[in-house]
Amino acid sequence: MVDSPYKPPTSVIARIWGWVDGTRRFALNALFLIIAVAFIIIVFSPSGVKVQEKTALVLNLDGQIVEQRSGGAREKLMASVNSDGEGQVQLRDVVNALDTAAKDPKIERLVLVLDEFPGAGLTTLREVAAAITRFKVSGKQVTAWAGNYNQASYYLAAHADEIYLHPMGAVLMQGYGRYRNYYKEALDRVGVSANVIRSGEYKNFGEPYFTTGPSEETMESDKYLYDALWSTYTSDVEKVRKLPLGTVDKVIEDVISRLKAAGGDAAKMALDNKFVTALKTRDELRAVMIERGAKDEDKKSFRQISMSAYLSTVKPQLSGDAIGVIVAEGEISEGIEAPGKIGGRSTADLIRKAREDEKIKAVVIRVNSPGGSAYGSELVRRELELTRKAGKPVVVSMGNVAASGGYWISMAADDVIADSATITGSIGVFGMLPTGERAMEKLSLYTGGYSTTWLGAAMYDPRRPLDPRMAEIVKLSIDRIYSEFTQKAAEARKTTQDKIDEVAQGRVWTGAQAKDRGLVDRTGSFADAVKSATSRAKLDEGVRLTYIEADRGRLEMFLERFATRISADFARSLTRVFDQSLASSIVSGSVVAEAQRDLGWLAEIAERGKTGYPFAAVAHCLCGKD
């Protein structure tokens, strides 16, 4: 029998597929090899940046100073699309650059360019100012320049040897304070009840939802807090500028007469009151720097290096014993969060990672949080407690805010250090059960149905009036959590629960005030916290610091952030109502944004009621982290 030359179609297809598959494998392998080689070159090759003699380090702060860059891939993508950059500068990078440059003989001076600096919390400013002072103590000159100085940028500029201001600029110091939105009548108009249940007479987070203005307790607490913060700011500025005590307040009080005396020239007024050294344009600053240092012929400017370029020349220490630093920044939730927020699970995982690392001998947790979920806070606190039990010292360093839930996670430490200007305390708990039964009536919508017990579908439904029995359950739970909060605080502070209760009740304090009331061990900086951890772990000074961060890919973070639910249906409608009613009136965009944020938060609580968790105990201070 003769073999037929005919080949079935399946064999031809198989050969084609084999060729396609082989080509695909080759292309993927080649791409992987290219990426691997590029990675090795980037990681192990020199940065290419060389610091020359007589170089000036230029610190151009064009973003908010944060403890840790926030957000996942989605946020960074949106920022890129909007062409506004990340808008964030890490505090650790600024301090590292200044401290390294202070010891670098090739860095001759520091130039602060603060024209686009949006600001930071006072504690953060004090950390940067301390680093600027250390740079000056090394014998090197610091010059600051801006077209205009806001309150935050001027605080940093005040620590320079000389302050230059553009002849058409101004120095604006306004003081501290805040006006909040109050939504009771607006919510009444659309038929929504907030149903706030709280423990602590100063626990004012839910206050904007059930009143039309601040309570006496809130005004008392705010005045005591903001006056102390302003006193810290003005005394610091007057000390470094060698101005008589009370100068800043006197200038603000007499600003109209002083501005008239300067012929309406705000820059001249700043010069007359010795807030600045001289008035100079940017090109005049450049000329001064060229004369003092060296000229860069290629760039037609003075020889300089940016902070990011300079940091690329600094080789990090990668081996040996270390102190692990964990950043706990942002509002607290119960689950997994990207940097910029504290997830009870994700932050607890970071602490456990540090505890199980044999190279990590002590942990410093940098807390910058107004609070959030009480349960999420306890997850973090418990992991810190276990870390101490494992024999590793834990030191808390409080940033701008470590209040309510932020204070809760600080209660399992060997040493609690707050800056004098830290906002802390706010030991209190509240819950909210928003309902929109009147809104339903206005829309002629009604609900009805059957549930085998009142704890079923009827327990909490945002469309129906709040059952008094449910309100009582929540009140009992909130009171129990408040009792647990004060009990844990008493154990941590080695005092009685009654004494903690006297300074608790949801009231906020500055770090200095908290020290006087026994809520923290002492006042100090992040550097002081590192020294404490170094000493407690019996390590040598200058020990390696390693920041403990999540081992997550960008894709995972991207998907995680996109998976977040936005809000409940009725609260989305509320936000639209605010958009429509305020858009036509003369109201700043910030007011609309605050209303959207506050009502969106209310919406998240209502949405939670659909998931089988009718309420959450919240430990929040209604104060930002910046």
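For the structure itself, look to the data block above.
Residues numbered from 1 in each chain as written. Predicted model: local features only at pLDDT ≥ 70, side-chain atom pairs only at ≥ 80, totals over all residues. Heavy atoms only, no water.

## Describing the pattern of salt bridges
Inference 1: Counted according to the given criterion, the structure contains 31 salt bridges.
Inference 2: Across the salt bridge formed by Arg352 and Asp349, the nearest N and O atoms sit 2.3 Å from each other. Taken together, the positions of Arg352 and Asp349, both in helix 13 (residues 344-356) and 3 residues apart, correspond to about one turn of that helix.
Inference 3: Its relative accessible area of 28% is what places Arg352 among the partly exposed residues.
Inference 4: Within the structure, one salt-bridge network assembled from shared partners comprises Asp349, Arg352, Arg355 and Glu383. (Salt bridge = Lys/Arg side-chain N within 4 Å of Asp/Glu carboxyl O. Helix = DSSP H or I, 4+ residues; strand = E, 2+ residues; numbered from the N terminus. Buried < 20%, exposed > 50% of the residue type's maximum accessible area, 1.4 Å probe, protein only.)

## Concerning the side chain of Asp467
Inference 1: Its location among the elements puts Asp467 in the loop between helix 16 (437-442) and helix 17 (468-493).
Inference 2: Looking at Asp467, its side chain comes within polar contact range of the main-chain nitrogen of Arg469, at 2.8 Å. (Polar contact = N/O pair within 3.5 Å; in protein donor to acceptor, adjacent residues only side chain to side chain.)

## Concerning the layout of surface pockets
Inference 1: By volume, the second largest pocket is sized at about 1,600 Å³.
Inference 2: Around the second largest pocket sit 35 residues that line it, and Val95, Asn96, Asp99, Val543 and Leu545 are the ones nearest its centre.
Inference 3: In terms of residues, the lining of the second largest pocket owes the most to one element, helix 3 (residues 91-103), which gives 9 residues. (1 Å grid on protein atoms, 1.4 Å probe; cavity = no way out; pocket = protein on both sides within 12 Å on 5 of 7 lines; lining within 4 Å. Points joined across faces, edges and corners; volume = space filled by probe spheres on them.)

## Quick word on the nonpolar core
Inference 1: Residues Leu61, Leu110, Leu114, Phe117, Tyr149, Tyr154 and Leu156 are the most contacted members of the largest nonpolar core, which totals 64 residues.
Inference 2: Those residues in contact with Tyr149 that lie beyond four places of it in its chain are Leu114, Ala144, Tyr154, Ala157, Ile163, Tyr164, Leu165, Ala170, Val171 and Leu172.
Inference 3: One finds Ala328, Val367, Ile481 and Trp509 within the second-largest nonpolar core, a separate group that totals 49 residues. (Core = buried A, V, L, I, M, F, W, Y, C linked by side-chain atoms within 4.5 Å. Contact = heavy atoms within 4.5 Å.)

## Thoughts on the packing of helix 3 against helix 4 (residues 122-137)
Inference 1: Axis separation between helix 3 and helix 4 bottoms out at 8 Å; the angle between their running directions is 10°. In terms of orientation, helix 3 lies roughly parallel with respect to helix 4. Of helix 4, the residues touching helix 3 (which contributes Leu91, Val94, Val95, Leu98, Asp99, Ala101 and Ala102) are Thr124, Glu127, Val128, Ala131, Ile132, Arg134 and Phe135.
Inference 2: The residue makeup of the contact of helix 3 with helix 4, split by class, is 10 nonpolar, 1 polar and 3 charged. (Axes fitted to C-alpha atoms, helices over the stretch in contact; angles between N-to-C directions. Parallel < 35°, antiparallel > 145°, perpendicular 65-115°, else oblique. Nonpolar A, V, L, I, M, F, W, Y, C, P; charged D, E, K, R; others polar.)

## Some thoughts on the packing of aromatic side chains
Inference 1: On inspection of all chains with the given rule, the structure shows 9 aromatic pairs.
Inference 2: Taking 6.0 Å as the distance between ring centres and 65° as the angle between the ring planes, the aromatic pair formed by Tyr154 and Phe275 counts as edge-to-face. Note that Tyr154 is positioned in helix 5 (residues 151-157) and Phe275 in the loop between helix 10 (266-272) and strand 8 (278-279), a separation of 121 residues in sequence. Across the pair, Phe275 and Tyr154 agree in class, each one buried.
Inference 3: Note on Tyr176 and Tyr233: the rings are 6.2 Å apart at their centroids and 80° apart in plane angle, and the pair reads as edge-to-face. Highlighted residues: Tyr176 in the loop between strand 6 (162-165) and helix 6 (184-190) and Tyr233 in helix 7 (residues 216-240), separated in sequence by 57 residues. (Phe/Tyr/Trp six-rings, centres within 6.5 Å; stacked < 30°, edge-to-face > 60°.)

## A closer look at unusual backbone geometry
Inference 1: Look at Ser404: it is not a glycine, yet its phi comes out positive at around 55°.
Inference 2: Tracing the chain through its elements places Ser404 in the loop between strand 17 (394-403) and helix 15 (405-408).
Inference 3: Classification of Ser404 as buried rests on a relative accessible area of 0%.

By themselves, these figures tell us nothing about what the structure is for.
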